[in-house]
There are 2 protein chains.
Amino acid sequence: MTTPQEQKSYRIVELETHDIRFPTSRELDGSDAMNPDPDYSAAYVVLKTDDGYAGHGFAFTIGRGNDVQTAAISALESYVIGRDVEDLGALYKEMVYDSQLRWLGPEKGVMHMAISAVVNALWDLKAKRAGKPLWLLLSELTPEQIVDLIDFRYLSDVLTPEQALEILKKAEKGKGERVEHIKREGYPAYTTSPGWLGYDDDKLRRLCKEALDAGFGQIKLKVGADLDDDIRRFRVAREVCGADFPIAIDANQRWDVPAAIDWVNALKPFNPHWVEEPTSPDDVLGHAAIAEGIKPIPVATGEHVQNRIVFKQLLQAGAISYVQLDSARVGGVNENIAILLLAARFGIPVCPHAGGVGLCELVQHLSMFDYAAVSGTMENRVIEYVDHLHEHFVDPVVIVDGRYAAPSSPGFSAAMHPESIAAHTFPDGEIWRDA
Amino acid sequence: MTTPQEQKSYRIVELETHDIRFPTSRELDGSDAMNPDPDYSAAYVVLKTDDGYAGHGFAFTIGRGNDVQTAAISALESYVIGRDVEDLGALYKEMVYDSQLRWLGPEKGVMHMAISAVVNALWDLKAKRAGKPLWLLLSELTPEQIVDLIDFRYLSDVLTPEQALEILKKAEKGKGERVEHIKREGYPAYTTSPGWLGYDDDKLRRLCKEALDAGFGQIKLKVGADLDDDIRRFRVAREVCGADFPIAIDANQRWDVPAAIDWVNALKPFNPHWVEEPTSPDDVLGHAAIAEGIKPIPVATGEHVQNRIVFKQLLQAGAISYVQLDSARVGGVNENIAILLLAARFGIPVCPHAGGVGLCELVQHLSMFDYAAVSGTMENRVIEYVDHLHEHFVDPVVIVDGRYAAPSSPGFSAAMHPESIAAHTFPDGEIWRDA
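All figures in this text were calculated on a predicted structure; none of them were measured in a lab.

Visitor: I tried to follow the overall build of chain A on my own but got confused; where do I start?
Guide: Secondary structure assignment for chain A yields 19 helices and twelve strands. By the compact-globule yardstick of 22 Å for 435 residues, chain A fits well, its C-alpha radius of gyration being 21 Å. Along the longest, intermediate and shortest principal axes, the C-alpha atoms of chain A span 60 × 55 × 45 Å. Considering chain A as a whole, with its 435 residues, one finds that 65% of them fall into the buried category. When contacts within chain A are restricted to residue pairs at least 6 apart in sequence, long-range pairs at least 24 apart make up 76% of them. When the accessible surface of chain A is summed, it comes to about 13800 Å², and 49% of that surface belongs to carbon and sulfur atoms. Mean positive and mean negative side-chain charge positions of chain A (42 and 65 charges, respectively) differ by 4 Å.

Printed below as a string of structure tokens:
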């Protein structure tokens, strides 16, 4: 993996943060049963080196508190200043095991999302220095190098380093062909754009039609605010998409366990492809009870699952049929590789959460790596796509015929345009100053 | 509950925060297998009213990141400015369901501990205005008033408002006598002071002897760094305390599931009273597997359990025999009342976590309320006691013959001396300026 740039000695010399917020609540984009008025935001970090490189990363939030999230990123400054990106396994673990900061979680919430932002920025930097898109850089690591990136603590009852190595070695066969396949064909996507709660039926109908025309193989509807509304909207979507088209539903944690079972069973005639976040992301046993109570409708969750330990239990309990990892909530690339391996160990497909600010840009790299080097399959797998805010990114996702095209620029696709950062900086950027 | 002061119109006009840190790492007080060098800290909040009252609260941290925690408390300012403390059920839920801030958890980590600090400060204010210690104020509420304080979301599969009401109504009988009993006898304590990892055997022996002489009915040893050391230290403690004296052990999340089972079974000959935090606080199924693998040794956990939803599952899974709630990690008094009710519903004793900065001062009120108005029993129940830092509190805990004496001053015992706050403010207080 070592390139000429990496052999030259260099150091990270600056950690710069930005509190970036988009006034999305003005348009009801992104509204759901639990989040009626989000202002999509990024607690954004730039790591600069003494030889002119910069790594970008961020935590996604939905408005208030983005300043707290930014402060948490700054609290990690001492871990990266003076460092390089040669050993991101060790550096990741150092941050997770800072015993004083760990008390603020452990491994959850604001402090863990801060680690995610910094870890992802380090990977962006590493991939840029290597001159490769992150998915390809990861895919070219050896099984042993990948295992070294992972923190197996609290996993060894279901996944040991040896078992991880076995999964990765098995996937070595055909990896080259799969890399070429990704470059040619990309990775399948589904779209949530039609399904936000704030939209009227005409807009829903129009957006469903557009999703079909754009070649997406699945859509998703937000549900959970009002059952009659959900039935009406699901009927509209079925009318446009047809009886067999995969339509998932997403409750965004709205229900208690008994309510989830009743509500989803009421929607069963519309054949939901999965039900997402039916209850609290912390409720492993609740998800298992819901899965039992609504079968055969599959349960999916993950965007708010705090770390690998909760994913481990969701899999152990047979509570979920889809792992919806998020690129920027758990401890960044490193912890997400552990989650990909857990999913592979249990034979459960990963269909990542995306949307927000830049989550599509990031997570495509993880799914492509999963196909190339971990699970070795795209079967029953799709990456969420939402057509928000991509114009602010230097290397935005490219969707072709309902699929993510493989990123080819070096890095993790995390960098935003300087003008976008300046305009949306809270509270002094022009977007907010004028509001 | 309305007092003359409360009838007069007033408003909270100021939320003031302080980043307070004690340099405890210099002495190894508080060191354990996961936290070798804590600087016990408080992200401290004062709510001031326009008629001269002040409510105090705090989140406990162990050093770095206390600034992030303080910033999170400030993010809640808009919820309390201009408000009173008439309806703390509603105000608590407003903060928990701020949809934008909720994204930073939900209900976990930095943002949830910030809610805890503010909610507890509101209760301190309410109790001061009522002229009563908090435990007594809570004990005098009606079952209906208590139920109104609770957020039952995500609990209704095991605890409905009706079931909570039933528990509370049953405890109405004899409540007056139990209140008098608390005033006379206080509440039993155990001490962790002998057991920190940084102490040598002579100090361990001396502190065990002192614990017995002080009348404590239980002690606790930190374990998990080195098995041979643990065996030697447990043997020393048994020599001093005798074969039948309750000695609990605490691993502070050190182990994976298989390691926990092996390690605790190796200590079985010393008859641990309970094993505390054997693994990740997030691992409900792991705790259940450990409980099965080490029986009949009971498992205890709670100081890092993020919210009522995880406690619910630990109880559902039969994973723990003791609920060790913490006064300042979950959403303050309100969520802790829900946790007391969950424990009562499952018939599991609550033995709270304490120590740190001011956690003893706070949590005694919750256990006394539990005895008076919820579980109605002190059987097999003890509150942790650590003899650190009480001198900084205006109304410090009083231990008499190994028991917490009932607080009689109005409030939640949360206020620190202004001189202590000034001296320990980070980084400009004299303690840190001179370091």
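Right, picking up where we left off after that structure.
Visitor: What's the story with the UniProt feature "domain: Mandelate racemase/muconate lactonizing enzyme C-terminal" (unreviewed entry) in chain A in this structure? I'm lost.
Guide: Using the residue numbers shown here, the UniProt feature "domain: Mandelate racemase/muconate lactonizing enzyme C-terminal" (unreviewed entry) corresponds to residues 201–297 of chain A. For residues 201–297 of chain A, the helix share is 52%, the strand share is 10%, and the end-to-end C-alpha distance is 25 Å.

Visitor: Hey, could you run me through unusual backbone geometry in this one?
Guide: Outside of glycine, negative phi angles account for most residues, and trans bonds account for most peptide bonds. For the peptide bond that leads from K295(A) to P296(A), omega is 10°, which places it in the cis range. Here P296(A) lies in the loop between α14 (284–294) and β8 (299–301). Along the chain, G105(B) connects to P106(B) via a cis peptide bond; the corresponding omega equals -10°. By the element assignment, P106(B) lies in the loop between α5 (99–102) and α6 (109–130). Unusually for a residue other than glycine, E277(A) sits at a positive phi of about 45°. Its location among the elements puts E277(A) in the loop between β7 (275–276) and α14. Judged by its relative accessible area of 1%, E277(A) falls in the buried class. Residues other than glycine seldom take positive phi values, yet N252(B) does so here, at roughly 50°. Mapped onto the elements, N252(B) comes out in the loop between β6 (247–250) and α13 (257–267).

Visitor: Before we go on, may I ask you to explain the sheet that holds strand β1 (residues 12–21) of chain A in this structure?
Guide: In sheet architecture, strand pairing relies on hydrogen bonds along the backbone and comes in two forms, parallel and antiparallel. Residues and elements named next belong to chain A. Taking strand neighbours across the sheet as the criterion, the three strands line up as β1-β2-β3 in an open arrangement whose pairing is antiparallel. Both edges of this open sheet fall to β1 and β3 (54–61), since each of them pairs with a single strand only. Strand-to-strand, the axes of this sheet are offset by a mean angle of 15°, without reference to chain direction. For strand β2 (residues 41–49) and β3, the ladder comprises eight bridges, and the chain directions are antiparallel. When the bridges of β3 are listed, Y44 appears paired with F58.

Visitor: Just checking my understanding: could you explain the domain arrangement of chain A for this structure?
Guide: All names here are of chain A. Split into domains, chain A comes out as domain 1 (4–132 + 422–433) and domain 2 (175–412). If you average the C-alpha positions of domain 1 and of domain 2, the two centres end up 24 Å apart. On the domain 2 side, the residues contacting the 35 residues of domain 1 number 37 residues. Buried surface at the junction of domain 1 and domain 2, both sides included, amounts to about 2900 Å², of which 62% is carbon and sulfur. Interface area lost by domain 1 to domain 2 is led by A33, F58 and N120, which between them contribute 19%. Here domain 1 and domain 2 share one salt bridge between them. In this structure, the connection of domain 1 to domain 2 is made through 13 residue pairs in polar contact (both at pLDDT 80 or more). Elements with a contribution of two residues or more to the side of domain 1 that touches domain 2: β2, β3, α4 (88–96) and α6 (109–130).

Visitor: When you look at the nonpolar core in this model, what are you seeing that I'm missing?
Guide: Within soluble globular proteins, side chains that are nonpolar tend to cluster in buried spots. In this structure, L122(A), W123(A), V323(A), L122(B), W123(B) and V323(B) are the most contacted members of the largest nonpolar core, which totals 295 residues. With residues up to four places along the chain from it excluded, the contact list for L122(A) reads I12(A), L47(A), V80(A), V85(A), L88(A), L91(A) and M95(A).

Visitor: I keep staring at the sheet that holds strand β1 (residues 12–21) of chain B and nothing clicks. Help me out?
Guide: Residues and elements named next belong to chain B. Strands sit in the order β1-β2-β3 across an open sheet of three strands; the sheet is antiparallel. Lying at the two open borders of the sheet, with one neighbouring strand each, are β1 and β3 (54–61). The average undirected angle you get between the axes of adjacent strands in this sheet is 15°. Lying over the sheet, helix α2 (residues 66–74) contacts β1, β2 (41–49) and β3, oriented at roughly 175° with respect to β1.

Visitor: What exactly am I supposed to notice about the interface of chain B and chain A here?
Guide: Accessible area lost on assembly of the parts is the figure often given for the size of an interface. Contacts between the two partners involve 62 residues from chain B and, on the opposite side, 62 residues from chain A. Buried area between chain B and chain A, both sides added, is near 5100 Å², and the carbon and sulfur share of it is 55%. Area buried by chain B at its contact with chain A is led by R64(B), Q100(B) and W103(B), which between them contribute 18% of it. Where chain B touches chain A, the interface holds six salt bridges. For D283(B), the salt bridge goes to K312(A), with nearest N and O atoms at 2.5 Å. For the pair chain B and chain A, the number of links is 38 residue pairs in polar contact (both at pLDDT 80 or more). Broken down by secondary-structure element, the contributors of at least two residues to the side of chain B that touches chain A are β3, α2, α5, α6, α13, α14 (284–294) and α15 (308–316) of chain B. At five residues, the largest contribution of residues to the side of chain B that touches chain A is made by α15(B). Across the side of chain B that touches chain A, the residue classes tally to 29 nonpolar, 18 polar and 15 charged.

Visitor: For this particular structure, what's the right way to read the relation of the copies chain B and chain A?
Guide: Both copies of the chain are related by a screw-like operation: a rotation about an axis and a shift along it. Between chain B and chain A, the superposition needs a rotation of 180° and an axial shift of 0.0 Å, giving an RMSD of 0.0 Å. Such a combination of turn and shift is consistent with a two-fold rotation axis. Residues of chain B ranked by C-alpha distance from the rotation axis are headed by G109(B), positioned 2.4 Å from it. Comparing interface residues between copies, 100% of those in chain B also sit at the interface in chain A, which points to an isologous, same-surface contact.

Visitor: Is there a simple way to explain the pairing of β2(B) in this structure?
Guide: Put simply, side chains in a regular strand alternate between the two faces of the sheet. All names here are of chain B. Most of β2 is tucked away: eight of the nine residues are buried. Pairing geometry for β1 and β2, over nine bridges, is antiparallel. Following the sheet pairing, L15 is matched in β2 by L47. The turn joining β2 and β3, which pair antiparallel and follow one another in sequence, is formed by four residues; a positive phi near 95° is taken by G52.

Visitor: When you look at the packing of α6(B) against helix α16 (residues 332–346) of chain B in this model, what are you seeing that I'm missing?
Guide: In a pair of packed helices, the angle between the axes and the distance between the axes together describe the arrangement. Residues and elements named next belong to chain B. For the pair α6 and α16, the least separation of the axes is 6 Å and the interaxial angle reads 100°. By the angle between their axes, α6 is roughly perpendicular relative to α16. Note on element contacts: α16 touches α6 through G332, V333, N334 and E335, opposite H112, S116, V119, N120 and W123. By residue class, the composition of the contact of α6 with α16 is three nonpolar, five polar and one charged.

Reading guide: rules and limits
- Residues numbered from 1 in each chain as written.
- Chains lettered and ligands numbered in written order.
- Predicted model: local features only at pLDDT ≥ 70, side-chain atom pairs only at ≥ 80, totals over all residues.
- Heavy atoms only, no water.
- Helix = DSSP H or I, 4+ residues; strand = E, 2+ residues; numbered from the N terminus.
- Rg over C-alpha atoms; globule rule 2.2 N^0.38 Å.
- Buried < 20%, exposed > 50% of the residue type's maximum accessible area, 1.4 Å probe, protein only.
- Contact = heavy atoms within 4.5 Å.
- Areas by Shrake-Rupley, 256 points an atom, 1.4 Å probe, with all protein chains shown as cover.
- Lys, Arg positive; Asp, Glu negative; His and termini not counted.
- Charge placed at Lys NZ, Arg CZ, Asp CG, Glu CD.
- UniProt positions renumbered as here; feature names shortened; annotations may be inferred.
- Pairing = 2+ DSSP bridges.
- Axes fitted to C-alpha atoms, helices over the stretch in contact; angles between N-to-C directions.
- Domains from an automatic or database assignment.
- Buried area = accessible area lost by both parts, 1.4 Å probe.
- Salt bridge = Lys/Arg side-chain N within 4 Å of Asp/Glu carboxyl O.
- Polar contact = N/O pair within 3.5 Å; in protein donor to acceptor, adjacent residues only side chain to side chain.
- Core = buried A, V, L, I, M, F, W, Y, C linked by side-chain atoms within 4.5 Å.
- Nonpolar A, V, L, I, M, F, W, Y, C, P; charged D, E, K, R; others polar.
- Least-squares fit on C-alpha atoms with pLDDT ≥ 70 in both.
- Parallel < 35°, antiparallel > 145°, perpendicular 65-115°, else oblique.

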